[in-house]
Structure formats: C-alpha cells, structure tokens
Amino acid sequence: MSKDAYIYKTLPGSPGGSLLFVFHGTGADESQLLSLGRDLAPQATIVSPRGDVSEHGAARFFHRTGEGVYDMDDLARATDKMVGFVKAHVEASKASSVLGLGYSNGANILASVVFAAPSLFDAAVLMHPLIPFEPEIEGSLAGRRILVTAGRRDPICPPNLTSRLEAYLRADGADVTVEWHDGGHEVQSNEIEAARRFLSATPIEGA
C-alpha cells in the first residue's frame, strides 16, 4: 500500500477537507481532470493518478483484449493496486470525506474499486462507465452515494449496460442518481452540473 504506486498529480485543498480522486479516460493522463475536479470541489485536495497500462501508447488503468472486452485478471490486479493507493492517501490526509470521479476507463477502475472496497469512497461519480460483467461486491454499498452519467447514443457504453449497472448498484443498497444526455461518449454540460450538485451535497463527517 503506497502513495507512490502510481505517477500522480495533486492539487492541495483545505486542511482536513475532502479528498477527491479523479481518474482519466483512455489516452489521457493525470492532468485531464484536474481542472474539472477543482471546479467541482473547490475546497478539496485532488489526487489524479496516471494509468499504468499502455495500449498502443495510450494510458489506461487495466488491459483489455478488445473494445468492451476486459482482461479480468488484469482488472483484478489494477483494482487491488488502486485500492492500496487510495487507502494510503486517505490515511495520510485525515480527510473529512473521500470522493471519486472517473471518466470512461477512469470510471471503470473507480467502479471496480467501489465493488471491491465499498466503504472506501463516501461518494463516487461515474461518467460513461462500461461494466460488461456482473459485479461481485465485497460487502455492502448501503448508504454510499453514486452518480452515473451517460449518453443515450453512446457507442462505447450502451445505454442498456448503464441501466444494468444502475440496477446492480441499487440492489446492493447504494443511493444512485443517473444523469442522461441525448449524445454519445462526450461529457456534456448537464453532466458537469449534476456532478457539481452531487459532490456539493456530500455530507462531511462531524459537520
């Protein structure tokens, strides 16, 4: 369990405030979502790791064998590594709340971490996740807040799989909100506004 398991960037926030982890999409890097994270959570300390897998030069968080076909062994490896990375930063920061936001491949690794360690994040924003398998949730998501955003014409993340993911999360007790737009895989303004409302509504322990 190491804070340095990944190359990462940090934007400092208010001492003892929220800790927001942001996870980039395929082909981006640790800079992609920093400014969005600061915009959505102005007082939070933001941690942004870079995916440690290269797909023809494009950074990802885990391997796949084709579009929408995951290397499940590597996903398990990546999930364990990311759980350790997040825990190390949480323990070092003494944060009041722990938040996550991921887009595309970043949303997928965040979702996998949520499945593996449901108590780790107080709230998570999954932008255009693709979970083509039935999750095995290690514990309970009861009381965990999750926002899923998606496009009704997304060619990479089909809407029926988004709806299936919502059903999985609800069945395990998560407090799920879904924000749709009529476009594809791009992030649109209504998603950003939904994420802002969602993250600003996250209760802070002890408040």
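Here the structure is a predicted model, which is why all the values come from computation and not from measurement. Once a new chain begins, its residue numbering starts again from 1 and follows that chain's sequence as written. Whole-chain, interface and lining totals are the exception, using all residues; otherwise, since this is a predicted model, local features are given only for residues with pLDDT of at least 70 and side-chain atom pairs are given and counted only at 80 or more. Note that the side-chain values use all heavy atoms of the structure and ignore hydrogens as well as water.

Comments concerning the UniProt feature "domain: Dienelactone hydrolase" (unreviewed entry) in the protein chain
Move 1: UniProt positions are given in the numbering used here, feature names are shortened, and annotations may be inferred rather than shown by experiment. In the numbering used here, UniProt assigns the feature "domain: Dienelactone hydrolase" (unreviewed entry) to residues 80–183.
Move 2: Secondary structure elements follow DSSP: runs of H or I no shorter than four residues count as helices, runs of E no shorter than two count as strands, and numbering proceeds from the N terminus. Between the C-alpha atoms that bound residues 80–183 the distance is 33 Å, and the span itself is 38% helix and 24% strand.

Overview of the pattern of salt bridges
Move 1: The salt bridge definition used is simple: a Lys or Arg side-chain nitrogen within 4 Å of an Asp or Glu carboxyl oxygen. A complete count under the given rule lists twelve salt bridges for this structure.
Move 2: The shortest N-O distance in the salt bridge between Asp52 and Arg77 comes to 3.1 Å. Separated by 25 residues along the polypeptide, Asp52 in the loop between β3 (45–49) and β4 (53–55) and Arg77 in helix α2 (residues 72–93) bring together distant segments of the chain.
Move 3: Exposure categories follow from relative accessible area, calculated using a 1.4 Å probe and restricted to protein chains: below 20% of the type maximum is buried, above 50% is exposed, and the middle band is partly exposed. Here Asp52 falls in the partly exposed class, since its relative accessible area comes to 33%.
Move 4: Its salt-bridge partner being Glu55, residue Arg60 comes within 3.9 Å of it at the nearest N-O pair.
Move 5: A cluster of three or more residues bridged by salt bridges with shared partners is formed by Asp52, Asp74, Arg77 and Lys81.

Points about the side chain of His89
Move 1: Position of His89 among the secondary structure elements: in helix α2.
Move 2: By relative accessible area, His89 is classed as buried at 6%.
Move 3: The contact criterion used throughout is that any non-hydrogen atoms of two residues lie within 4.5 Å. Apart from the residues lying within four places of it in its own chain, the contact partners of His89 are Lys3, Tyr8, Leu19, Phe21 and Val47.

Quick notes on the packing of aromatic side chains
One pair of aromatic rings is described through two measures. These are the centre distance and the angle between the planes.
Move 1: Centres within 6.5 Å make a pair out of two Phe, Tyr or Trp rings, where for Trp the six-membered ring is used; the pair is then stacked when the planes are under 30 degrees apart, edge-to-face when over 60, and tilted otherwise. Enumeration over the complete set of coordinates arrives at seven aromatic pairs.
Move 2: Arranged with centres 6.0 Å apart and planes meeting at 75 degrees, the rings of Phe23 and Phe61 form a pair that is edge-to-face. Of this pair, Phe23 sits in strand β2 (residues 19–23) while Phe61 sits in the loop between β5 (58–60) and β6 (64–66), placing them 38 residues apart in sequence. Across the pair, exposure class does not vary: Phe23 and Phe61 are buried alike.

Observations concerning the nonpolar core
Move 1: Each nonpolar core is a collection of buried residues, namely Ala, Val, Leu, Ile, Met, Phe, Trp, Tyr and Cys, held together in the definition by side-chain atoms within 4.5 Å. Counting residues in hydrophobic clusters, the biggest one holds 39 residues, and the most contacted among them are Phe21, Phe23, Met82, Ile109, Phe121, Leu126 and Leu169.
Move 2: Where this core is concerned, the elements lending two or more residues are β2, α2, α3 (105–116), β9 (123–127), β10 (145–151) and α4 (159–171).
Move 3: If you tally residues by element for this core, the top one is α3, at seven residues.
Move 4: If you look at the next biggest cluster of nonpolar residues, it comprises 20 residues, including Val22, Val125, Ala195 and Phe198.

Brief notes about unusual backbone geometry
Move 1: Even without glycine at this site, Lys94 takes up a positive phi of about 55 degrees.
Move 2: Here Lys94 is to be found in the loop between α2 and β8 (98–103).

Comments concerning the packing of α2 against α3
Angle between the axes and distance between the axes are the two parameters that describe a pair of packed helices.
Move 1: Orientation is described by lines fitted to C-alpha atoms, with helices fitted over the stretch in contact, and by angles between N-to-C directions that extend from 0 to 180 degrees. For the pair α2 and α3, the least separation of the axes is 9 Å and the interaxial angle reads 75 degrees. For the element pair α2 / α3, the angle class is roughly perpendicular. Seen from α2, the contacting residues are Leu75, Ala78, Thr79, Met82 and Val83; seen from α3, they are Ile109, Ser112, Val113 and Ala116.
Move 2: Each residue gets one of three labels, nonpolar for Ala, Val, Leu, Ile, Met, Phe, Trp, Tyr, Cys and Pro, charged for Asp, Glu, Lys and Arg, and polar for the others, Gly among them. A breakdown of the residues in the contact of α2 with α3 according to their chemical character gives seven nonpolar, two polar and no charged. Put simply, angles under 35 degrees are roughly parallel, angles over 145 are roughly antiparallel, angles from 65 to 115 are roughly perpendicular, and the rest are oblique.

Structural notes on the sheet that holds β3
Move 1: Read across the sheet, seven strands follow the order β1-β3-β2-β8-β9-β10-β11 without closing on themselves; strand pairing throughout is mixed. Both edges of this open sheet fall to β1 (8–11) and β11 (175–181), since each of them pairs with a single strand only. On average, each strand axis in the sheet is inclined to that of its neighbour by 15 degrees, with strand direction left out of account.
Move 2: DSSP bridges decide pairing: two strands pair if at least two such bridges lie between them. Here β8 runs beside β9; their pairing, made up of five bridges, is parallel. Bridge pairing links Gly102 to Leu126 in β9.
Move 3: Contacting β1, β2, β3 and β8, α2 runs over the sheet at an angle of about 155 degrees to β2.
Move 4: Its contacts with the sheet place α4 against β9, β10 and β11, and it is angled at close to 165 degrees to β11.

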